[in-house]
Amino acid sequence: LGGWSSRMAKTAHLLLHVAVILLASGIVTGQFFVNLGDKQKQGGGTDVASGSGSGDVAAGDQGAATQSDQQAQLQEDWTAFVKWFRSNGGIISSKLTVKVRNGRQGVYFKERMRRGETIVSFPRNLRLDEKTAMKGKAGHVFQRLKQDKCYPDLMVILHVVHEDKLGKDSFWFPYFKLLRRQYNNIMFLTEPQMKTLLRRPGCENTYNLGVMMRRTFNNFYEWYKKNIEPWAPPEFQFTRDEILWGFNTLVTCGWGQQNGNGDKLMVPFSDIPNHRRESAQKASNRGFISAAKEYQAGEELTFDYGLLNDAVLAYYGQPTPDCRGLKR
């Protein structure tokens, strides 16, 4: 009888755990379609939260307190990031700050900036890629992955996840504090929801991109389970959710190498301003970026990352001019 009760308790616990997962999944995927139904468009482009940022802010009285706390923490994280960035040879204008407005994190001007003034200058050594993985604390692990012909992008994903789990012990900690922790993109849709998206006029390319993203992630995760997990040290025993976070982070923050071999890298600050189609500022990850126009205090700094509308919806779960709300 005691054994039967124990099994029943474990079963109940498991069912509760599954219910919580399904509930969380429903909230995330439901929000994707809520965003898809938002037909608001500002100015000449669509603003989209970039790979960095903490996502939506709670509403109501509790939300106001949460937002206040979040803003204070955000300022602290930004100050630490700027100090770290400059200490490694970079330049960031003192006229910039980060804020949460309308439930979205962004980079804003504290005072007027004239056209031609330097916004940011990127140091060469701040590039998170396969090379930094080899030189890091777990370099021996990545040397073996290289020998085993691991996918180059998977190596960067594992590098990102490993550094994130190191917390304050990671060289990249000030940068990682500004990265998005939750994603609301096409990776979290169920198969029935994917079919619904496919039936939506104008969303076929987004659906196809989502299929490719999901297939790529599954290949990465299966390769990790088969070829890495059996021998990997404890600090490289990652869950599926952790690897999925790394995958989404690389998709939304990563830059392709110029040699076109599919390798990715991440460059601090180049991915922090939000995306805006037809923004005056074109995104870059090298050299320096100067103000393409005069900015006023309180104005948001946005980059045009050159993303097609289909990619914006798939990567960020945000509406675009070519794929409006979902009509059921």
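The structure reproduced in this document is the subject of the present report. (Residues numbered from 1 in each chain as written. Predicted model: local features only at pLDDT ≥ 70, side-chain atom pairs only at ≥ 80, totals over all residues. Heavy atoms only, no water.)

### Topic: the overall build of the chain
- Looking only at helices and strands, one finds ten helices and ten strands in the chain.
- By the burial criterion, 48% of the 328 residues in the chain qualify as buried.
- As displayed, the chain offers around 16900 Å² of accessible surface, 52% of which is attributable to carbon and sulfur atoms. (Helix = DSSP H or I, 4+ residues; strand = E, 2+ residues; numbered from the N terminus. Buried < 20%, exposed > 50% of the residue type's maximum accessible area, 1.4 Å probe, protein only. Areas by Shrake-Rupley, 256 points an atom, 1.4 Å probe, with all protein chains shown as cover.)

### Points about the pairing of strand β5 (residues 118–121)
- Direction of pairing for strand β2 (residues 91–92) relative to β5: antiparallel, over a ladder of two bridges. Paired with I91 across the strands is S121, a residue of β5.
- The sheet contact formed by β5 and strand β9 (residues 288–290) spans three bridges and is antiparallel. Paired with V120 across the bridge in β9 is I289. (Pairing = 2+ DSSP bridges.)

### Quick notes on the pairing of strand β4 (residues 104–109)
- Most of β4 is tucked away, with six of its six residues classed as buried.
- Burial along β4 is two-sided: R104, G106 and Y108 and Q105, V107 and F109, pointing in opposite directions, are all buried.
- Where strand β3 (residues 96–101) meets β4, six bridges bridge the pair, whose relative direction is antiparallel. Within β4, the residue paired with V100 across the bridge is Q105.
- Joining the antiparallel neighbours β3 and β4 is a turn of two residues, in which N102 adopts a positive phi near 55°.
- In this sheet, strand β10 (residues 300–303) lies alongside β4 in antiparallel orientation, the contact comprising two bridges. Paired with Y108 across the two strands is E300, which belongs to β10.

### Re the packing of aromatic side chains
- Under the definition given, this model contains 22 aromatic pairs.
- Relative to Y221, the ring of F217 has its centre 6.1 Å away and its plane inclined at 10°; by these criteria the two rings are stacked. With F217 and Y221 both in helix α8 (residues 204–227) and four residues apart, this pair spans about one turn of that helix. The residues F217 and Y221 share a single accessibility class, namely buried.
- Taking 6.3 Å as the distance between ring centres and 80° as the angle between the ring planes, the aromatic pair formed by Y315 and Y316 counts as edge-to-face.
- The exposure class assigned to Y315 is buried, which follows from its relative accessible area of 19%.
- A residue is classified by how much of its surface remains accessible, and Y316, at 10% relative accessible area, is buried.
- Taken together through their ring pairs, the aromatic side chains of W78, F81, W84, F85, F171, W172, Y175, F176, F269, F303 and Y305 make up a single cluster.
- Seen from the ring of Y108, R101 lies directly overhead, with NZ or CZ sitting 4.4 Å from the centre. (Phe/Tyr/Trp six-rings, centres within 6.5 Å; stacked < 30°, edge-to-face > 60°. Lys NZ or Arg CZ within 6 Å of the ring centre and 35° of its normal.)

### A short note on the sheet that holds β2
- Taken in spatial order, the three strands of this open sheet run β2-β5-β9, and their pairing is antiparallel. The open sheet has two edge strands, β2 and β9, and neither has a second partner.

### Concerning the pattern of salt bridges
- Summed over the entire model, instances satisfying the criterion amount to 13 salt bridges.
- A salt bridge links R144 to D148; the shortest N-O distance between them is 3.6 Å.
- Taking relative accessible area as the criterion, R144 reaches 37% and is therefore assigned partly exposed.
- Judged by its relative accessible area of 35%, D148 falls in the partly exposed class.
- The residue D304 makes a salt bridge to K282 at a minimum N-O spacing of 3.2 Å. With D304 in the loop between β10 and α10 (309–316) and K282 in the loop between β8 (274–276) and β9, the pair connects residues that are 22 residues apart, well separated along the chain.
- The class for D304 is buried, based on a relative accessible area of 15%. (Salt bridge = Lys/Arg side-chain N within 4 Å of Asp/Glu carboxyl O.)

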